[in-house]
Amino acid sequence: MAMMNQDYLKDMPNWVKNGGDSDDVVISSRIRLARNLKGIPFPNYAHEQQLETVTQQVLQAARERSALGEFIPLKVEELTPNERMVLVEKHLCSPQFVENPHLRTLIVDQEQTVSIMVNEEDHLRVQTLLPAFSLDSALELSNQVDDFLEENLEFCFDEFRGYLTACPTNVGTGLRASVMLHLPGLTLVDQVKRVLSALAHIGINVRGFYGEGTEAYGDIYQISNQVTLGQSEEELTKNLQSICRQVIEQERNIREALLKESRTQLEDRVCRSFGILSQARLISSEETLKLLSDVKLGAELGIITQVDKNRVKELMFITRSSILQTIIGKELVPVERDYYRAMVIRQRLGAHGASGV
Amino acid sequence: MHLTKVINHQKTELHLCEICAKEAGSELGLIFESSFSFQNLIAGLLEGDTGHSQQPSIAGHEIQCQNCGLTFTDFRRGGLLGCGECYRYFQQGLEPLLKKVHGSIRHTGKVPRRNGGKIRIRKEIDDLRNRLQESIRREDYEKAAYFRDEIKRRENELAGG
Ligand SMILES: [Zn+2]
Ligand SMILES: [Zn+2]
């Protein structure tokens, strides 16, 4: 297990490759369940031996599973820094998980849909990540994995408090449902802050593309439930779903209004961004996301027809530094990254005129 | 804000909980500044309307989890509980926090399939009792009889093991 299989690294997860319901606005849907094993202190207070026991028990339980296909266990300590970043940038684990890799194992399925973080803040964080707007299926799949694991593991559960977690903000269902939304329209008309702060007041958490504190690069926002106790898993998920639907509707209305009222300006913006992306020789990851956001919007609205919509979404991830290095097959210094990034973008956008170099 | 804790000679970054704190905080409409810390939030949440923090203690001795050894002060400092038993030992101190974060202190969601057997049956009985009341209210006595029998069946199941 010293090195990750390179094909596996290069393969894009299910949620990046595929589209689905409302994929003009929604990028992915995720359900995460926090679970702990009975009788063992939570990871931050457990001895090394106990953490090792947790790992062995979870691995054993995951091995028993056949219905969901094969799981790949990855010992974080044995991965290179770039391999760790790939896992984070594919959203298969949290940035915190790889920052402190000791005795932490990530278990991932072949499709890269289900992943289990072992010994993060809780013993298990079971995550299901699906493309587009699919919280229902994500919840169903999470429940299947949870039930399956529970056949072989005894979870720390209390009749009154539900699933017990290290942090009291996760207790009860241990469920965090989140949806990643691409909101260029709301951002363009300067409404996104207003909408998102309104959500914060009704118990919805909003974050940028790469977690808390990060900017919403590429106009991508992640929204999730705050409350985990006192409502059922279905209620929590339904609630988030209906809020998402409203945000999706607002985003669509604004896109339509923009198209109607300032078509030329919008076309100009989209086409300029496409122009830079298809001609640039050096480009940073930040500028890439910014421009790709315009191009994705243009593709959704039919302003740009020469590129496939899913291909634009894929580019948002392929151009992340860690994934880029995996595709190129070597570690790159920053200026090389900008060079190869520009090259990969030109190739994938099919800008044939730009040969040479 | 990064909290660093040394456990078993292993440096552990506890900034994870700042995330949870932020999640909890944004629900409460708090504004986050760079000086924000998780302890402030926990401490703030634990302060009642009187402004005095409720530190549960018995006869002057601070409450400690008898299973993992964590004290309530430890919890306030780090923001993380040590084990499942902490929920029992710190019940009094945790309840106001749970209420503020979740608006509820009672789990009504999923029950583990295999190990939650009795709990699940009790939950089903609760649910059936509500439906029984509802059908009596609607004067649907046929349904009421059905629910009554179902409750009996489950009560037997509980008693039988
Ligand atoms: Zn936490
Ligand atoms: Zn404890």
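Now for a quick tour of the structure. Note that the coordinates shown come from a computational prediction; the quantities given were computed from them, not determined experimentally.

A few words on the coordination of the zinc ion (ligand 2). Residues and elements named next belong to chain B. In this structure, Cys 65 (SG), Cys 68 (SG), Cys 83 (SG) and Cys 86 (SG) serve as the protein donors to the zinc ion (ligand 2), at separations of 2.3 to 2.4 Å. In this structure, the zinc ion (ligand 2) is surrounded by four donor atoms whose angles at the metal cover 99 to 122°, and the resulting shape is tetrahedral. Counting residues between consecutive donors of the zinc ion (ligand 2) along the chain gives the motif C-x2-C-x14-C-x2-C. Within this pair, whereas Cys 68 is found in the loop between strand 4 (61-62) and helix 3 (72-78), its partner Cys 86 is found in helix 4 (residues 86-89), the two being separated by 18 residues in sequence. A relative accessible area of 28% means that Cys 68 is categorised as partly exposed. The class for Cys 86 is buried, based on a relative accessible area of 0%.

This part is about the nonpolar core. Counting 92 residues, the largest nonpolar core has A:Leu124, A:Leu149, A:Leu181 and A:Ile223 as the members making the most contacts within it. Examining the composition of this core, we find that nine residues originate from one element, helix 9 (residues 233-261) of chain A, more than from any other. Shared between two domains, this core holds at least three residues of each, these being domain 1 (32-171) and domain 2 (262-349) of chain A. If we skip the residues at most four places from it in the chain, A:Ile223 touches A:Ala177, A:Ser178, A:Val179, A:Leu181, A:Leu196, A:Leu199, A:Ile204, A:Asn205, A:Val206, A:Leu240, A:Ile243 and A:Cys244. A:Ala166, B:Leu70, B:Phe75 and B:Leu97 belong to the second-largest nonpolar core, a separate cluster that totals 23 residues.

Residue and element names in this part refer to chain A. A contiguous nonpolar surface patch, about 280 Å² in accessible area, is contributed by Leu 282, Val 333 and Val 335. Here Val 333 is to be found in the loop between helix 13 (321-328) and helix 14 (334-349). By relative accessible area, Val 333 is classed as partly exposed at 47%.

The next thing to look at is the packing of aromatic side chains. Each aromatic ring pair is described using two quantities: the centre-to-centre distance and the angle formed by the ring planes. All told, the structure shown has six aromatic pairs over all chains when counted by the stated rule. Measuring from ring centre to ring centre gives 4.9 Å for A:Phe157 and A:Tyr163, while their planes differ by 70°; the resulting arrangement is edge-to-face. The pair A:Phe157 / A:Tyr163 is uniform in exposure class, with both members buried. Taken together, the ring pairs in this structure connect B:Phe72, B:Phe75 and B:Phe90 into an aromatic cluster. When the ring centre of A:Tyr163 is taken as reference, the NZ or CZ atom of A:Arg35 above it lies at 3.4 Å. Here B:Arg88 stacks its cationic end above the ring of B:Tyr89, 5.3 Å away from the centre of that ring.

Right, let's talk about the packing of helix 13 of chain A against helix 14 of chain A for a bit. All names here are of chain A. Contact geometry for helix 13 and helix 14: axes closest at 10 Å, N-to-C directions at 75°. The orientation of helix 13 relative to helix 14 falls into the category roughly perpendicular. For the pair helix 13 and helix 14, contact is made by Ser 321, Leu 324, Gln 325 and Ile 328 and by Arg 337, Tyr 340, Arg 341 and Val 344, respectively. Looking at the contact of helix 13 with helix 14, its residues break down into four nonpolar, two polar and two charged.

The rules we used
- Residues numbered from 1 in each chain as written.
- Chains lettered and ligands numbered in written order.
- Predicted model: local features only at pLDDT ≥ 70, side-chain atom pairs only at ≥ 80, totals over all residues.
- Heavy atoms only, no water.
- Donors = N, O, S within 2.8 Å, 3.2 Å for Na, K, Ca; no water.
- Tetrahedral: all angles 85-135°; square planar, octahedral: opposite > 155°, others 65-115°.
- Helix = DSSP H or I, 4+ residues; strand = E, 2+ residues; numbered from the N terminus.
- Buried < 20%, exposed > 50% of the residue type's maximum accessible area, 1.4 Å probe, protein only.
- Core = buried A, V, L, I, M, F, W, Y, C linked by side-chain atoms within 4.5 Å.
- Domains from an automatic or database assignment.
- Contact = heavy atoms within 4.5 Å.
- Patch = residues over 30% accessible without salt bridge, like charges linked within 9 Å, V, L, I, M, F, W, Y side chains within 5 Å.
- Areas by Shrake-Rupley, 256 points an atom, 1.4 Å probe, with all protein chains shown as cover.
- Salt bridge = Lys/Arg side-chain N within 4 Å of Asp/Glu carboxyl O.
- Phe/Tyr/Trp six-rings, centres within 6.5 Å; stacked < 30°, edge-to-face > 60°.
- Lys NZ or Arg CZ within 6 Å of the ring centre and 35° of its normal.
- Axes fitted to C-alpha atoms, helices over the stretch in contact; angles between N-to-C directions.
- Parallel < 35°, antiparallel > 145°, perpendicular 65-115°, else oblique.
- Nonpolar A, V, L, I, M, F, W, Y, C, P; charged D, E, K, R; others polar.

Taken by themselves, the reported measurements are silent on function.
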